[in-house]
Amino acid sequence: MGCKNCKNSGFRKLNETKKNALKKGIGMVQSYASALASRGFGNKKVEKATKQLRVISCFGNQHVGGVLPPCQHLENSKSVGKHFCGGCGCGDREATWLISEGNEYSKLDHPKLSCPLGMPGFTDYTASEPNEAEEPITRKYYIENMEYTEIQDIPVTVQVKQ
Ligand code: SF4
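The rules behind each value
- Residues numbered from 1 in each chain as written.
- Predicted model: local features only at pLDDT ≥ 70, side-chain atom pairs only at ≥ 80, totals over all residues.
- Helix = DSSP H or I, 4+ residues; strand = E, 2+ residues; numbered from the N terminus.
- Buried ≥ 20, exposed ≤ 12 C-beta atoms within 10 Å, placed from the backbone.
- Contact = placed C-beta atoms within 7 Å.
- Expected span 1.5 Å × (residues − 1).
- Core = buried A, V, L, I, M, F, W, Y, C linked by C-beta atoms within 7 Å.
- pLDDT = per-residue confidence, 0-100.

### Here's the deal with the overall build of the protein
And step 1. Secondary structure assignment for the protein yields 4 helices and 2 strands.
And step 2. Counted from the first residue to the last, the protein has its helices and strands arranged as α-α-β-β-α-α.
And step 3. Per-residue burial for the protein yields a buried fraction of 35% across its 162 residues.
And step 4. Sequence-distant contacts in the protein: of pairs separated by 6 or more residues, those separated by 24 or more amount to 65%.

Written out as structure tokens, the structure reads:
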């Protein structure tokens, strides 16, 4: 499912930069994601909307009929049906699976969670650079300019750490 399968997706690969930058327009999702990231996460569980943003950042939305491919770092686990982030360097283990089964607590459920690309929904989210709006645009810019309704359509369950 990783981006290796999506080389001709029409989206530019994102560099591993964490610089913040001003851009001409601020997307609704961008301002929401910035607010969440700046607030920090003191709760035991992540909020549903934040997890939905994370799922889009990692998995894209092609699985629900959208056009956004998975992240360039998304890797298939050796365990069928599971995925982990290849950019974090923490490998393929149950604890690093981004989404687990049913009621199990997964990596994307952590209230505070970093992303090597600073993508929307993560605690260290940084806004896209101005040039990311130029064709081919980046996945980050695309997500920042999505409609809320598209985010709300992403199916997620939120688990609490026991
Ligand atoms: S955590 Fe960040 S870099 Fe890793 S797969 Fe998700 S969006 Fe990509």
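From this point, the narrative continues.
### Topic: the environment of Arg139
And step 1. Residue position: Arg139 is located in helix H3 (residues 139-144).
And step 2. Taking the C-beta count within 10 Å as the criterion, Arg139 has 27 such neighbours and is therefore assigned buried.
And step 3. Residues Arg139 and Gly10, 129 residues apart in the sequence, show an inter-C-alpha distance of 9.7 Å.
And step 4. Apart from residues no more than four positions distant in its own chain, Arg139 is found in contact with Phe11, Leu14, Leu68 and Cys71.

### Focus on helix H2 (residues 48-59)
And step 1. Counted at 1.5 Å a residue, the expected span for H2 with its 12 residues is 16 Å, and the 16 Å between its end C-alpha atoms agrees.
And step 2. Counted residue by residue, H2 has 10 buried out of 12 residues, so it is predominantly covered.
And step 3. Looking one or two places after H2, you find Gly60, whose phi comes out positive at around 70°.

### Thoughts on the environment of Val29
And step 1. Turning to its location among the elements, Val29 is positioned in helix H1 (residues 28-39).
And step 2. We classify Val29 as buried; it has 22 C-beta atoms within 10 Å.
And step 3. Along the sequence, Val29 and Pro120 sit 91 residues apart, while their C-alpha atoms lie 8.3 Å from each other.
And step 4. Sequence-distant contacts of Val29, defined by excluding residues within four places in its chain, comprise Pro120, Ile143, Glu144, Asn145, Met146, Tyr148 and Ile151.

### Overview of the nonpolar core
Generally speaking, nonpolar side chains in soluble globular proteins are found buried as a group.
And step 1. Within the largest apolar cluster, 28 residues are counted, with the highest numbers of intra-cluster contacts made by Ile56, Cys58 and Leu98.
And step 2. Contributing elements (two or more residues each) for this core: H1, H2, strand E2 (83-85) and H3.
And step 3. The element contributing the most residues to this core is H2, with 5 residues.
And step 4. Excluding residues within four positions of it along the chain, Leu98 makes contact with Cys58, His83, Phe84, Cys85, Ser106, Lys107 and Leu108.

### Some points on the confidence of the model for the protein
And step 1. With 80% of its residues at a pLDDT of 70 or more, the protein has an overall mean of 83.
And step 2. When mean pLDDT is taken per element in the protein, strand E1 (residues 74-76) scores highest with 97 and H1 scores lowest with 72.
And step 3. Of the regions scoring below 50 in pLDDT, residues 1-7 engages in 15 contacts with residues more than four places distant in sequence or in other chains.

### With respect to the environment of Ser77
And step 1. Among the secondary structure elements, Ser77 is positioned in the loop between E1 and E2.
And step 2. Counting along the chain gives 16 residues from Ser77 to Arg93, while the straight-line C-alpha distance between them is 8.2 Å.

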